[in-house]
Amino acid sequence: MSSRRSSFRRKERPAFERFKDHCRHFTAFMFSNVGIILLVTFYTIGGAFIFQAIEIFEYEKLKTVKPHRFIEHNVSGDCLSRIWELTAENISFFDRHAYRKHVNAVLLDYQRAVVKKQLRGPDVDHQWSFSGAFLYSLTVITTIGYGNITPSSDWGKLVTILYAIIGMPLFLLYLSNIGDVLAKSFKWIYSKVCLCRICPGVAKRRIIRERRKLRQLARALEQHKMESARGSSSTSCSSSSNNSSSISSSSTDYSKSSAAASSVLDVPYSDSDSDIEREIRGSTDEITVPLTVCIFVMVSYILSGAILFGRWEDWNYLDGSYFCFISLSSIGFGDLVPGDRVITADKDKVELSFILCAVYLLLGMALIAMCFNLMQEQVIHNMRAIKRAFKACFRCRSS
């Protein structure tokens, strides 16, 4: 017993080795499909808390240090009073050009003040609520960048740079992994529903029709080879006896080609064929989804988002579709952004519409990546088919 215990103790690995194994397993899980979703979600939530704390703290600090910057000025009243003073000074309009120049300068200052106030946006407490901070973090890592919420403090700008350097590669990894998973799932659904693999009888009839077409093509190729072989044999018979070796080799080639064609023709196509059952239950990796199906999926997703955002933001269907397309394509002009229905004034309150908006953007960008992946496979498959067709045409001409 003592020798067994000592051998068991000798087999125990050091604590550092066990710690490295645990770290390796944890890293592998975090970069798996489930782990990458959790990583992106928690990274966005953590960024929301960080940006909210930084901007509100800097705002309160600047409010106590420089209170004169937060005094509301009557911009319209100042503009009117300045124009009135210029008019009173030049009441006879002796120098009209100078008067117009000064008035234009006053109006330009007024426009700049209005634009600056508009760009400043609402109050910081309303702008940097949890909903607004989460939406800002999401637009940073997804590279949408609406521009309606921007950091005003130096620390906020610096943290945004560091946050984007880590977050953008993480989100690209999320798009790659989840796009592949969605592509495989969609190909499986397409094979079961659209290709009728879920109905064995329909699938068998479809495969039998495809095999009949292949047999007809094989018969046509066999007839073409027989005609070419007859022509070559007639020319070889009229030649000299020194070419007997070439005739025997051509006859052997003809026998091999005819045997290959006969092997294609002899494939049974009954309903109880085991090859058909094997093809029905086969892998979906060789299936290509048509381009029209991928475009239909993208358009349907954009239209469904247009309906949702139309109800939340009181947009029409055109504005909702425009916003969804601009967001999912990561263009992000910022002329239409989720407003008061999604971003609330309460710091700790989170609306259901806001959660659905974030889920729509995350799932939608992965869905767009899936559709592009499927479209790429279909284009590659079509290009290979065109290449084979060109090769077959040149082979027929050369023969």
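As the structure is a prediction and not an experimental result, all values here were calculated from the model.

Q: Pulling in residues and values, what's your account of the state of the cysteines?
A: This model, assessed by the stated rule, comprises 0 disulfides. Of all cysteine sulfurs, the one in cysteine 371 lies closest to cysteine 294, which takes part in no disulfide; the gap is 5.3 Å. On the basis of relative accessible area, cysteine 294 is assigned to the buried category, the value being 1%.

Q: Break down the pattern of salt bridges for me, with residues and values.
A: Evaluation of the coordinates by the stated rule reveals 2 salt bridges. Across the pair arginine 82 and aspartate 109 runs a salt bridge whose closest N-O atoms are separated by 3.7 Å. Of this pair, arginine 82 sits in helix α4 (residues 75-89) while aspartate 109 sits in helix α5 (residues 96-120), and the two are 27 residues apart along the sequence. Linking lysine 187 and glutamate 377 is a salt bridge whose minimum nitrogen-to-oxygen distance equals 3.4 Å. You can see lysine 187 sitting in helix α8 (residues 154-193) and its partner glutamate 377 sitting in helix α14 (residues 352-398), a full 190 residues away along the chain.

Q: Hey, could you go over the packing of aromatic side chains for me, with residue numbers and the actual values?
A: In this structure the tally under the stated criterion is 14 aromatic pairs. Between tyrosine 43 and tyrosine 163 the ring centres are 4.5 Å apart and the planes differ by 10°, which places this aromatic pair in the stacked class. Of this pair, tyrosine 43 sits in helix α3 (residues 33-65) while tyrosine 163 is found in helix α8, placing the two residues 120 residues apart along the sequence. For tyrosine 163, a relative accessible area of 7% corresponds to the buried category. Both rings, one in phenylalanine 49 and one in phenylalanine 130, keep their centres 5.0 Å apart while their planes meet at 40°; by these two values the pair is tilted. You can see phenylalanine 49 sitting in helix α3 and its partner phenylalanine 130 sitting in helix α7 (residues 130-141), a full 81 residues away along the chain. Take phenylalanine 49: its relative accessible area is 48%, and that puts it in the partly exposed class. Exposure remark for phenylalanine 130: the relative accessible area of 13% places this residue in the buried category. Cluster of aromatic residues (ring-pair linked, three or more members): Tyr146, Tyr301, Phe309, Trp312, Trp315, Phe323 and Tyr360.

Calculation criteria
- Residues numbered from 1 in each chain as written.
- Predicted model: local features only at pLDDT ≥ 70, side-chain atom pairs only at ≥ 80, totals over all residues.
- Heavy atoms only, no water.
- Disulfide = S-S within 2.5 Å.
- Buried < 20%, exposed > 50% of the residue type's maximum accessible area, 1.4 Å probe, protein only.
- Salt bridge = Lys/Arg side-chain N within 4 Å of Asp/Glu carboxyl O.
- Helix = DSSP H or I, 4+ residues; strand = E, 2+ residues; numbered from the N terminus.
- Phe/Tyr/Trp six-rings, centres within 6.5 Å; stacked < 30°, edge-to-face > 60°.

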